[in-house]
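# Residue-level structure breakdown
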Amino acid sequence: MKPKNSKDRRASFLKFLALFVITITAILFAVYFNFKVPNKENAILKDQVKSVEKEMIFQDGFSKEMKSIRGMIDSLEIKGANLSYQNSLISGKLVDLQKTIPTKDSTYRYDMYTGIISVYAELLDGKIQLSELKDSKATIDEYKIALEKARSDFKQCERDLYIARGSN
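Residues numbered from 1 in each chain as written. Predicted model: local features only at pLDDT ≥ 70, side-chain atom pairs only at ≥ 80, totals over all residues. Heavy atoms only, no water.

## Observations regarding the overall build of the protein
Defined as follows: We count a stretch as a helix when DSSP gives it H or I for four or more residues in a row; a strand needs E for two or more, and each element gets its number in order from the N terminus. Between the two quantities, the radius of gyration covers C-alpha atoms and the globule rule is 2.2 Å times the number of residues to the power 0.38. In this scheme, a residue with accessible area under 20% of its type's maximum is buried, one over 50% is exposed, and one in between is partly exposed, where area comes from a 1.4 Å probe on protein chains only. By the convention used here, residues are in contact when the closest approach between their heavy atoms is within 4.5 Å. Using a 1.4 Å probe, accessible areas were evaluated by the Shrake-Rupley method; residue-level cover was limited to the displayed protein chains.
Helix and strand counts for the protein come out as three helices and zero strands. Start at the N end of the protein and walk to the C end: the helices and strands fall as α-α-α. Taking 2.2 N^0.38 as the reference for a compact globule, 168 residues should give roughly 15 Å; the C-alpha atoms of the protein span a radius of gyration of 43 Å, well beyond that estimate. Along the first, second and third principal axes, the C-alpha set of the protein runs to 170 × 35 × 15 Å. Per-residue burial over the protein gives 12% buried out of 168 residues. In the protein, the share of contacts with a sequence separation of at least 24, taken over all contacts with a separation of at least 6, comes to 63%. Approximately 14100 Å² of the protein is accessible, and the part contributed by carbon and sulfur atoms is 62%.

## A few points about the side chain of Gln86
Summarising the element assignment, Gln86 is placed in helix α2 (residues 83-100). Overall, the relative accessible area of 19% leaves Gln86 in the buried class. With sequence-adjacent residues up to four places away left out, Gln86 is seen in contact with Met72, Ser75 and Leu76.

## Here we look at the nonpolar core
Selection rule: Within this scheme, the nonpolar core is defined by two criteria: the residues are buried Ala, Val, Leu, Ile, Met, Phe, Trp, Tyr or Cys, and they are joined through side-chain atoms within 4.5 Å.
Ranked by internal contacts, the top residues of the largest apolar core, which has 16 residues, are Phe62, Ile69 and Ile90. Elements supplying a minimum of two residues to this core: α1 (6-74), α2 and α3 (107-167). Ranked by residue count, the leading element in this core is α1, at six residues. When sequence neighbours within four positions are dropped, the list of residues in contact with Ile69 reads Ile90, Lys93, Leu94, Leu97 and Tyr120.

## Brief notes about the pattern of salt bridges
The condition that has to hold: The term salt bridge refers to a pairing of a side-chain nitrogen on Lys or Arg with a carboxyl oxygen on Asp or Glu at a separation within 4 Å.
Here the structure, examined in full by the defined rule, presents six salt bridges. Across the pair Asp74 and Arg70 runs a salt bridge whose closest N-O atoms are separated by 3.4 Å. In this pair, Asp74 and Arg70 both sit in helix α1, four residues apart, roughly one turn of the helix. Of the residues examined, Arg70 reaches a relative accessible area of 37% and is grouped as partly exposed. Close ionic contact of Lys127 with Asp74 constitutes a salt bridge, the shortest N to O distance being 3.9 Å. Of this pair, Lys127 sits in helix α3 while Asp74 sits in helix α1, and the two are 53 residues apart along the sequence. Judged by relative accessible area, Lys127 falls into the buried class, the value being 15%. The network of salt bridges with common partners includes Arg70, Asp74 and Lys127.

## Looking at the packing of aromatic side chains
Put simply, the rule reads: Here a Phe, Tyr or Trp ring, Trp counted by its six-membered ring, pairs with any other such ring whose centre lies within 6.5 Å, and the pair is stacked when the planes are under 30 degrees apart, edge-to-face when over 60, and tilted otherwise.
What the rule picks out here adds up to six aromatic pairs. Judged by centre distance (5.7 Å) and plane angle (35 degrees), the ring pair of Phe58 and Phe62 falls under tilted. Of this pair, Phe58 and Phe62 both sit in helix α1, four residues apart, roughly one helical turn. Across the pair, Phe62 and Phe58 agree in class, each one buried. On the basis of an interplanar angle of 75 degrees and a centroid distance of 5.1 Å, the ring pair of Phe58 and Tyr113 is categorised as edge-to-face. Taken together, the positions of Phe58 in helix α1 and Tyr113 in helix α3 put the pair 55 residues apart, joining distant regions of the chain. On the accessibility criterion, Tyr113 (2% relative accessible area) is buried. Among the aromatic side chains, those forming a connected cluster through ring pairs are Phe29, Tyr32 and Phe33.

## Focus on a nonpolar patch on the surface
Our working rule: Patch construction takes residues with relative accessible area above 30% that form no salt bridge. Like charges are linked within 9 Å, and nonpolar side chains (Val, Leu, Ile, Met, Phe, Trp, Tyr) are linked within 5 Å.
Taken together, the side chains of Phe13, Leu14, Phe16, Leu17, Phe20, Val21, Ile24, Ile27, Leu28, Val31 and Phe35 present a nonpolar region at the surface, about 1100 Å² in accessible area. For Phe35, the location among the structural elements is in helix α1.

## Focus: the environment of Thr114
On the secondary structure map, Thr114 appears in helix α3. Look past the residues within four positions of Thr114 in its chain and what remains in contact with it is Gln98 and Ile101.

Okay, structure coming up:
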């Protein structure tokens, strides 16, 4: 015997089945994204942490090299130092430091590192010019003394000439 409302039952069952499949699919998507998305985020964050750690290691080495170069530049002030030899050593270290800067780095960091190196190169040039000018200062002082002596000799000659003209 067939029930009279079999069509209604079948339609209700199909509606239930469709809603059940949609609900289960939504739950499965939620579970999938709950586990897969954080894993991808973790992978991305781990890559970022590795790049930051790599940057920190590079900055530490860069800083140590800068301190070493700074010490070498300060040693230029020592009397009796071979300036041309020290200059070539410092210039070589600056070039080596320039070569270690990663070119794939972001633009502002690359510019910062090259700016630091150019400031150190300018500091080196300034120290060399300063040491050359220290020698010039002694020469200028000698010339000032010679000029004062020449002026006093000239005044003495003028007096002698005045006296010689007055006696004639």
